[in-house]
Amino acid sequence: MPTNFANGVCRRLAVLATGASLLAASSAAAAEDVSWEGADYARADIPMELQQAADNVYYVIGRSGIPDADNQGFMSNAGFVVTDEGVVVYDALGTPSLGWKLLHKIRSVTDKPVTHVVVGHYHADHVYGLQVFKKHTDATVWAQERGLEYVNGPGAERRLQQRRQALFPWVDDATRVVAPDETFTDRQEFAMGDVRIELVHVGPAHAPDDTMMIVHGPDVVFSGDILFDGRIPFVGDNVDTKNWLAGVNQLAKMDPPPSMIVPGHGPAESDASGAIAFMRSYITKLRESMGAAVRNLVPFEQAYADTDWSDYKGLPAFDATHRRNAYNVYLERQNEMGGGF
């Protein structure tokens, strides 16, 4: 990894650490703007700071890492756009409690109705808050059509059972997976008064249904998990890393360039070149190293042990996710090459 790239990763980690310290220091104040009286959800006291990307465009940033009692499941990002026609939300976070907090954040800014909730992709850390919006608003839930594969597949229930253990009481027996009300195939636009919002399918990549949301005018992009920053991404068993790289490159080449990119995980940045370089580097490293092993008929265990991963070992979620990431890419490369043992 080039020195300037490594230094950039360190600087972004420092930003994350500073942000976490500031959030912790303001936890009491942050908790006060959410009413839990009469709520059907366990109280989540983890701070959630509302930030502004542009006029009428807001977001919240989760902590880096994997879901646990310390972060209460708040380890992904979400946001919303306030328009003359109502509020469009991007992602609903990873527990109903967090969805409830996000709805209160929206209500702290506007009393306009929430009309749309866009699912960036159907993974647990982004969708369990949907039931809050279904119960407390009249919003239509939108997703790319391949999200139905998750909703209707066995993996959704298995993941929900796992999260009920890992994140109880914030995910409990009342938590459910909410299916989309409407789906789209490649692109979908919402004309919201003088604001044009565009959904773009960039999957299959991190997930089959990966969806970016572009807020035209202010040119803010909610990239979803096409972009991670400051932590090792999750590379699942249905990954398409070749298309994932294409999605990252699509972000890099957007015209006009985004004024702000809000990633699925990590800090939002007006200059996301560092995050883009990180994602390119990490995915390319996985593809090249595991691809070479498959071509040379090297078993995974040996290939993993022989590969130098030192550029990534200091990043959050490395111990929890990296080995499985490498294995999933090894299997992916086998399928691409029609190989196996």
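This structure is a prediction, so every number in the text was calculated from the model and none was measured.

Points about the overall build of the protein chain
Phase 1: A tally of regular secondary structure across the protein chain gives 11 helices and 12 strands.
Phase 2: Summarising the internal contacts of the protein chain: among those between residues at least 6 apart in sequence, 69% fall at separations of at least 24.
Phase 3: Only carbon and sulfur atoms are counted for the fraction: they give 47% of the accessible area of the protein chain, which is about 14300 Å².

Side note on the packing of aromatic side chains
Phase 1: If you walk through the whole model with that rule in mind, you get 13 aromatic pairs.
Phase 2: On the numbers, 6.3 Å between centres and 20° between planes, the contact of Phe278 with Tyr282 is stacked. Placement of both Phe278 and Tyr282 in helix 9 (residues 273-295) is noted, with a separation of 4 residues, approximately one turn of the helix.
Phase 3: Look at Tyr282 and you get buried, because its relative accessible area is 1%.
Phase 4: With 5.7 Å between their ring centres and 40° between their planes, Phe300 and Tyr304 make a pair best called tilted. Here Phe300 and its partner Tyr304 are both found in helix 10 (residues 300-306), 4 residues apart, which amounts to about one turn of the helix. Comparing Phe300 with Tyr304, the two get one shared label, buried.
Phase 5: Among the aromatic side chains, those forming a connected cluster through ring pairs are Phe300, Tyr304, Trp309, Tyr327 and Tyr330.
Phase 6: Here Arg323 stacks its cationic end above the ring of Tyr304, 4.8 Å away from the centre of that ring.

A few points about the environment of Ala277
Phase 1: In this structure, Ala277 sits in helix 9.
Phase 2: Distance in space between the C-alpha atoms of Ala277 and Asn249 is 9.8 Å, their sequence separation being 28 residues.

Some thoughts on helix 8 (residues 241-252)
Phase 1: Its 12 residues place the ends of helix 8 16 Å apart at the C-alpha level, agreeing with the 16 Å of an ideal helix rising 1.5 Å per residue.
Phase 2: Three or more residues of helix 8 are buried, namely Thr241, Trp244, Leu245, Gly247, Val248 and Leu251. Down the axis, helix 8 shows its buried residues gathered within 155° of arc, on one side only.
Phase 3: Taking the backbone nitrogen of Lys242 as reference, a side-chain oxygen 3.4 Å away marks Asp240 as the first, capping residue of helix 8.

Observations regarding the packing of helix 9 against helix 11 (residues 318-337)
Phase 1: The N-to-C vectors of helix 9 and helix 11 enclose an angle of 55°; their axes lie 8 Å apart at closest approach. Classified by the angle their axes make, helix 9 and helix 11 are oblique. Crossing geometry of helix 9 relative to helix 11 is assigned as right-handed. Residue-level contacts link Tyr282, Leu286, Arg287, Met290, Gly291, Ala293, Val294 and Arg295 of helix 9 to His322, Asn325, Ala326, Val329, Tyr330, Glu332, Arg333, Gln334, Glu336 and Met337 of helix 11.

A word on the pattern of salt bridges
Phase 1: Summed over the entire model, instances satisfying the criterion amount to 10 salt bridges.
Phase 2: Between Arg146 and Glu149 there is a salt bridge whose closest N-O contact spans 2.7 Å.
Phase 3: Note on Arg146: relative accessible area 30%, which makes it partly exposed.
Phase 4: One salt bridge connects Arg187 with Glu198, and the closest N-O pair in it is separated by 2.5 Å.

So, the confidence of the model for the protein chain
Phase 1: Confidence along the protein chain averages 91 in pLDDT terms, with 90% of residues attaining 70 or more.
Phase 2: For residues 1-7, every residue scores under 50 in pLDDT, and the model assigns this stretch 8 contacts once sequence neighbours within four places are set aside.
Phase 3: A low-confidence stretch, residues 14-31 (pLDDT under 50), is modelled with 13 contacts involving residues beyond four sequence positions or located in other chains.

Notes on the sheet that holds strand 2 (residues 57-60)
Phase 1: If you trace the 7 strands from one edge of the open sheet to the other, you get 1-2-3-4-5-6-7, paired in mixed fashion. A single partner strand is all that each edge strand has here, and the edge strands are strand 1 (51-54) and strand 7 (182-184). Neighbour-to-neighbour, the strand axes of the sheet open up by a mean angle of 25°, direction not taken into account.
Phase 2: Against the sheet, helix 3 (residues 96-109) contacts strand 2, strand 3 (78-83), strand 4 (86-90) and strand 5 (114-118), and its axis sits at roughly 30° relative to strand 3.

Cut-offs and rules
- Residues numbered from 1 in each chain as written.
- Predicted model: local features only at pLDDT ≥ 70, side-chain atom pairs only at ≥ 80, totals over all residues.
- Heavy atoms only, no water.
- Helix = DSSP H or I, 4+ residues; strand = E, 2+ residues; numbered from the N terminus.
- Contact = heavy atoms within 4.5 Å.
- Areas by Shrake-Rupley, 256 points an atom, 1.4 Å probe, with all protein chains shown as cover.
- Phe/Tyr/Trp six-rings, centres within 6.5 Å; stacked < 30°, edge-to-face > 60°.
- Buried < 20%, exposed > 50% of the residue type's maximum accessible area, 1.4 Å probe, protein only.
- Lys NZ or Arg CZ within 6 Å of the ring centre and 35° of its normal.
- Expected span 1.5 Å × (residues − 1).
- Arc of directions from axis to C-beta.
- Polar contact = N/O pair within 3.5 Å; in protein donor to acceptor, adjacent residues only side chain to side chain.
- Axes fitted to C-alpha atoms, helices over the stretch in contact; angles between N-to-C directions.
- Parallel < 35°, antiparallel > 145°, perpendicular 65-115°, else oblique.
- Left-handed = near helix turned anticlockwise from the far one by under 90°.
- Salt bridge = Lys/Arg side-chain N within 4 Å of Asp/Glu carboxyl O.
- pLDDT = per-residue confidence, 0-100.
- Pairing = 2+ DSSP bridges.

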